[in-house]
Amino acid sequence: MIKPIVGHLILRLTIWLLLTSDLSGINLAMGLAIALLLPRPDGRSIAVGDWLRMLSKILWAIPLAYLEAFEMLLRPHTQEDIVLERVPPQRSSQLIFLDVFVITFTPKTIVLRYRQDYYEIHRLRPRRTGRELEGHESEE
Amino acid sequence: MINPLVNLFSYGCIGIGLLFWFWGTAFLPSRRSVLFKLHMLSIADTLGSMAILLGLLLKRPQEWPLLVLAIISLAIWNTVLGYVLAYCSTTEATHD
Amino acid sequence: MSWILIAMILALLIPIYEACKDENIWQKMLAFASIASKTAMISLFVSVLRDDWMLGAVAVIILSVGNAGLMLLAHVIKRVSQA
């Protein structure tokens, strides 16, 4: 288990150091003080395995997003439809946020809404005369 | 002095970014749904801008803290804005 | 490098045109979102061109705060149109 406070501290300190780009002691102390003073959101701690899986998913999403963009550039995606994806049970709110982030980051899919146990995903796809698509098209 | 290969690569990144900018934004004046344009804008504004920033990062590595921060905040905020816009625009549609 | 800047400004004209033309509020919001991130990118580019750290910091702040403002605006519009 990672204590949530450590994660928040690292994130805030990283942003502070990137913004000021000054590694001197006094600046480091200032950033640390601000990171500690900012109110921390209460959250349950997340298992390390879940974090690592999420991290690899986020890192993989970046090349995947560019791949999808080139695919859309070469082959026009004109059909729109809405699909539902189940949320794994016992998901903490941070992991749900990251899920929504990864799905929306890839250009073919956007999360429209998060319901209790599934995500509502809007999707673009290439023109194909699939009969299963027609029901969804009339909704749009 | 910048390595010519790195220079070429950075111009390539900026070129791809500009291509995404023009291609993704070109759909804005068309008569498509908001969600379709949102998909296209996520290509143009998120991925295109990230490619341009990567090109700049290769060109001026001494300004890396600022550019890395820009890439991170661009990716997070544009994606979250896309989600919020999709959410807000569709609830309105179903309520009307 | 300046031709890149010219191309970026040309790309910025598309969403500005759309924002002026379209009457639907959500299409306008999309155009504004595009304008926000494009202008921030242009100022960031200028800051790198001129080696100006302060301008770059301003651009990064615009990049995050401008989008946050649009998010709040989207929620306000949704509430108002539901009422």
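Residues numbered from 1 in each chain as written. Chains lettered and ligands numbered in written order. Predicted model: local features only at pLDDT ≥ 70, side-chain atom pairs only at ≥ 80, totals over all residues. Heavy atoms only, no water.

Attention now goes to the interface of chain B and chain A. Contacts between chain B and chain A engage 32 residues on the former and 31 residues on the latter. For the chain B and chain A pair, buried surface summed over both sides reaches about 2,600 Å², with 77% attributable to carbon and sulfur atoms. For the chain B face of the interface with chain A, the top three residues by lost area are His39, Leu47 and Tyr83 of chain B, together amounting to 24%. There are one salt bridge connecting chain B and chain A. The shortest N-O distance in the salt bridge between Glu80 of chain A and Arg32 of chain B comes to 3.2 Å. There are eight residue pairs in polar contact (both at pLDDT 80 or more) connecting chain B and chain A. Mapped by element, the contributors of at least two residues to the side of chain B that touches chain A are α1 (4-25), α2 (34-59) and α3 (64-95) of chain B. The element that contributes the greatest number of residues to the side of chain B that touches chain A is α3 of chain B, accounting for 15 residues. Tallied by class, residues from the side of chain B that touches chain A come to 24 nonpolar, seven polar and one charged. (Contact = heavy atoms within 4.5 Å. Buried area = accessible area lost by both parts, 1.4 Å probe. Salt bridge = Lys/Arg side-chain N within 4 Å of Asp/Glu carboxyl O. Polar contact = N/O pair within 3.5 Å; in protein donor to acceptor, adjacent residues only side chain to side chain. Helix = DSSP H or I, 4+ residues; strand = E, 2+ residues; numbered from the N terminus. Nonpolar A, V, L, I, M, F, W, Y, C, P; charged D, E, K, R; others polar.)

Residues and elements named next belong to chain A. Counted by the stated rule, this structure contains eleven salt bridges over all chains. Arg123 is the salt-bridge partner of Asp81, the closest N and O atoms lying 3.3 Å from each other. Of this pair, Asp81 sits in strand β1 (residues 79-86) while Arg123 sits in strand β3 (residues 118-125); the two residues are 42 residues apart in sequence, bridging distant segments of the chain. Residue classification places Asp81 among the buried residues on the basis of a relative accessible area of 3%. Ionic pairing is found between Arg125 and Asp81, a salt bridge with its closest N-O pair at 3.4 Å. Within this pair, whereas Arg125 is found in strand β3, its partner Asp81 is found in strand β1, the two being separated by 44 residues in sequence. Residue class for Arg125 comes out buried when judged on its relative accessible area of 17%. Where salt bridges share partners, they join Asp81, Arg123 and Arg125 into one cluster. (Buried < 20%, exposed > 50% of the residue type's maximum accessible area, 1.4 Å probe, protein only.)

Our next topic: the UniProt feature "transmembrane region" (unreviewed entry) in chain C. Here, the residues flagged by UniProt with the feature "transmembrane region" (unreviewed entry) are residues 53-77 of chain C. Along residues 53-77 of chain C the backbone is 100% helical and 0% strand, and the end-to-end C-alpha distance reaches 36 Å. (UniProt positions renumbered as here; feature names shortened; annotations may be inferred.)

With that settled, consider the side chain of Arg113 of chain A. Counting through the fold element by element, Arg113 of chain A comes out in strand β2 (residues 109-114). With no salt bridge to any partner, buried Arg113 of chain A finds its closest opposite charge in Glu120 of chain A, at an N-O distance of 4.7 Å. Here Thr90 of chain B takes part through its side chain, which lies 2.5 Å from a polar atom of the side chain of Arg113 of chain A. (Lys, Arg positive; Asp, Glu negative; His and termini not counted.)

Bringing helix α3 (residues 53-82) of chain C into the picture now. Between its terminal C-alpha atoms α3 of chain C stretches 44 Å, which fits the 44 Å expected from 30 residues at 1.5 Å a residue. When we look at burial in α3 of chain C, the residues that qualify are Gly56, Ala57, Ala59, Val60, Leu63, Ser64, Asn67, Leu70, Met71, Ala74, Ile77 and Lys78 of chain C. (Expected span 1.5 Å × (residues − 1).)

Now for the pairing of β3 of chain A. Residues and elements named next belong to chain A. The element β3 is extensively covered by neighbouring structure, given that six of its eight residues are classed as buried. Examined bridge by bridge, β1 and β3 share eight bridges and lie antiparallel to one another. Along β3, the bridge assignment pairs Gln79 with Arg125. Here five bridges tie β2 to β3, and the two strands are oriented antiparallel to one another. What sits directly across from Arg113, in β3, is Glu120. With antiparallel pairing between neighbouring strands as the criterion, β2 and β3 make up a hairpin whose turn holds three residues. (Pairing = 2+ DSSP bridges.)

Here we take up the sheet that holds β1 of chain A. Residues and elements named next belong to chain A. Judged by pairing direction, the sheet is antiparallel, and its three strands sit side by side in the order β1-β3-β2 without closing on themselves. Two strands in the sheet have a free side with no partner beyond their single neighbour: β1 and β2. Strand-to-strand twist across the sheet, computed as the mean angle between neighbouring axes with direction ignored, equals 25°. (Axes fitted to C-alpha atoms, helices over the stretch in contact; angles between N-to-C directions.)

By a widespread convention, an interface's size corresponds to the accessible area lost as its parts come together. Contact residues are listed per partner, giving 42 residues for chain B and 44 residues for chain C. For the pairing of chain B and chain C, the buried interface totals around 4,000 Å² over both sides, and the portion due to carbon and sulfur atoms is 77%. By the criterion of area lost to chain C, the three top residues of chain B are Trp21, Leu66 and Trp77 of chain B, representing 16% of everything that side buries. Where chain B touches chain C, the interface holds three salt bridges. Between Glu18 of chain C and Lys37 of chain B there is a salt bridge, and its shortest N-O distance comes to 3.8 Å. Our enumeration of links across chain B and chain C arrives at nine residue pairs in polar contact (both at pLDDT 80 or more). Every element with two or more residues in the side of chain B that touches chain C is listed here: α1, α2 and α3 of chain B. Considering every element that reaches the side of chain B that touches chain C, the biggest residue donor is α3 of chain B, with 19 residues. Split by residue class, the side of chain B that touches chain C holds 26 nonpolar, nine polar and seven charged.

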